[in-house]
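A structural walkthrough
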Protein chains: 2
Amino acid sequence: MEDRYEGLKLGNQLCFPLYACSREIVKKYKPFLDELDLTYTQYITMMVLWERGQINVKELGECLYLDSGTLTPLLKKLEMKGWVTRQRAKDDERVLIVTLTGEGRKLRERAAEVPAKMSCCVKLSPEETQTLYSLLYKLLGDCC
Amino acid sequence: MEDRYEGLKLGNQLCFPLYACSREIVKKYKPFLDELDLTYTQYITMMVLWERGQINVKELGECLYLDSGTLTPLLKKLEMKGWVTRQRAKDDERVLIVTLTGEGRKLRERAAEVPAKMSCCVKLSPEETQTLYSLLYKLLGDCC
DNA sequence: TAAAACAAAATTGCATGCAATGAAATTGTG
DNA sequence: CACAATTTCATTGCATGCAATTTTGTTTTA
């Protein structure tokens, strides 16, 4: 009577392909991001900043599903590279505002090539990609 | 002409929901795995061992998409907890064989509850879950 | 208004992940 | 057979992730 363990198989839990896929895709980014001197997490942080120009740590954390324990050291590194500045909000000293610099904005030019370079190694049809995309956001929204 | 940056938006790249979803789901497991004194990575390692009883590090790495840099310290921890043993293969000393212990097998009893507990926080229909599942494995197989 | 409650970041400690390198054993080759 | 190439695992170094705690600042409340 092995049935009671059926759900415990690696192949029967959604979490595993999610986990594995996520890491494998991030790994695919590495050669492209290395050229920009960015890690994957730094890259998605810069994506937010390229769109918004400025954001505080709390909001950034909500965008990326990351907390200050991860973001604080990461943002210090981006600051050292000269791509962002970090300063306290004048009206509320608790809040740290991260601002894209001119150099940071320049990086966007080179980063603009990355999505196209990546897309060719995703072997799903546009419809499949769209479906996957919707399901992931549904999962992210409902459960997480 | 912002179009040239369209692909750079966080919401337009498959990688991001994958990455975020994976971490959020793993986080959901934490309270259940804490009860078993397992981390998520230790949990999926034990799942392989519960199915196979014995496996070497190379094959385990292929199953989990992890390398020895991650697995070696993790397996030492599982060994210290008494759930696995680690010994070299007699016919090839390079190979390290990981074997489930009696105690390790007992843990399966308690772990058998985990998938059911988790499933109720995944708000996708069975069809959607199946679709997501297939697409993830397709992506994992083709591209990764 | 003083103290308590709350909020936002920073810090700390631990466990991954992973690239790069090293060490030991095995295999292939001239 | 000797030795180079390969294979397998271990080690090292760095960058996350994240829970828990601390620090600093703001808001609420008695």
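Reference entry: report on the structure contained in this document. Remember, predicted model here, so these are calculated numbers, not experimental data.

Our focus in this paragraph is the interface of chain A and chain B. The interface of chain A with chain B comprises 62 residues on the first partner and 62 residues on the second. Together chain A and chain B conceal approximately 6200 Å² of surface at their shared face, both sides included; 68% is due to carbon and sulfur atoms. Linking chain A with chain B are four salt bridges, by the criterion used here. For glutamate 128 of chain B, the salt bridge is made with lysine 138 of chain A, and the minimal N-O distance between the two is 2.8 Å. At the junction of chain A with chain B, the criterion picks out 18 residue pairs in polar contact (both at pLDDT 80 or more). Those elements that place two or more of their residues in the side of chain A that touches chain B are helix 1 (15–35), helix 2 (40–52), helix 3 (57–64), helix 5 (102–111) and helix 7 (126–143) of chain A. Per-element accounting of the side of chain A that touches chain B gives the leading share, 15 residues, to helix 1 of chain A. Class assignment for the residues of the side of chain A that touches chain B results in 39 nonpolar, eight polar and 15 charged.

In the superposition of chain A on chain B (RMSD 0.0 Å, axial shift 0.0 Å), the rotation amounts to 180°. What the superposition gives is, in effect, a two-fold axis relating one chain to the other. The overlap is high: 100% of the interface residues of chain A also sit at the interface in chain B, so the same surface is used on both sides.

What counts and what doesn't
- Within each chain, residues carry numbers counting from 1 in the order of the written sequence.
- Each chain is given a letter, starting from A, and each ligand a number, starting from 1, according to the order in which they appear as written.
- The predicted nature of this model means local features are confined to residues of pLDDT at least 70 and side-chain atom pairs, given and counted, to a pLDDT of 80 or more, with totals for whole chains, interfaces and linings taken over all residues.
- Processing note: side-chain calculations cover all non-hydrogen atoms of the structure and skip hydrogens and water entirely.
- Should any heavy atoms of two residues lie within 4.5 Å, those residues are considered in contact.
- Two parts placed together each lose some accessible area under a 1.4 Å probe, and the buried area is that loss summed for both.
- Salt bridge, as applied in this entry: a Lys or Arg side-chain nitrogen positioned within 4 Å of an Asp or Glu carboxyl oxygen.
- Here a polar contact is recorded for every N or O atom pair within 3.5 Å, except that within protein the pair must consist of a potential hydrogen donor and a potential acceptor, and residues adjacent in sequence are included only if both atoms are side-chain atoms.
- Starting at the N terminus, helices and strands are each numbered in turn, a helix being any DSSP run of H or I of at least four residues and a strand any DSSP run of E of at least two.
- In this classification, the charged set is Asp, Glu, Lys and Arg, the nonpolar set is Ala, Val, Leu, Ile, Met, Phe, Trp, Tyr, Cys and Pro, and all remaining amino acids, among them Gly, are polar.
- In superposing the copies, a least-squares fit is computed on C-alpha atoms, taking residues whose pLDDT is at least 70 in both.

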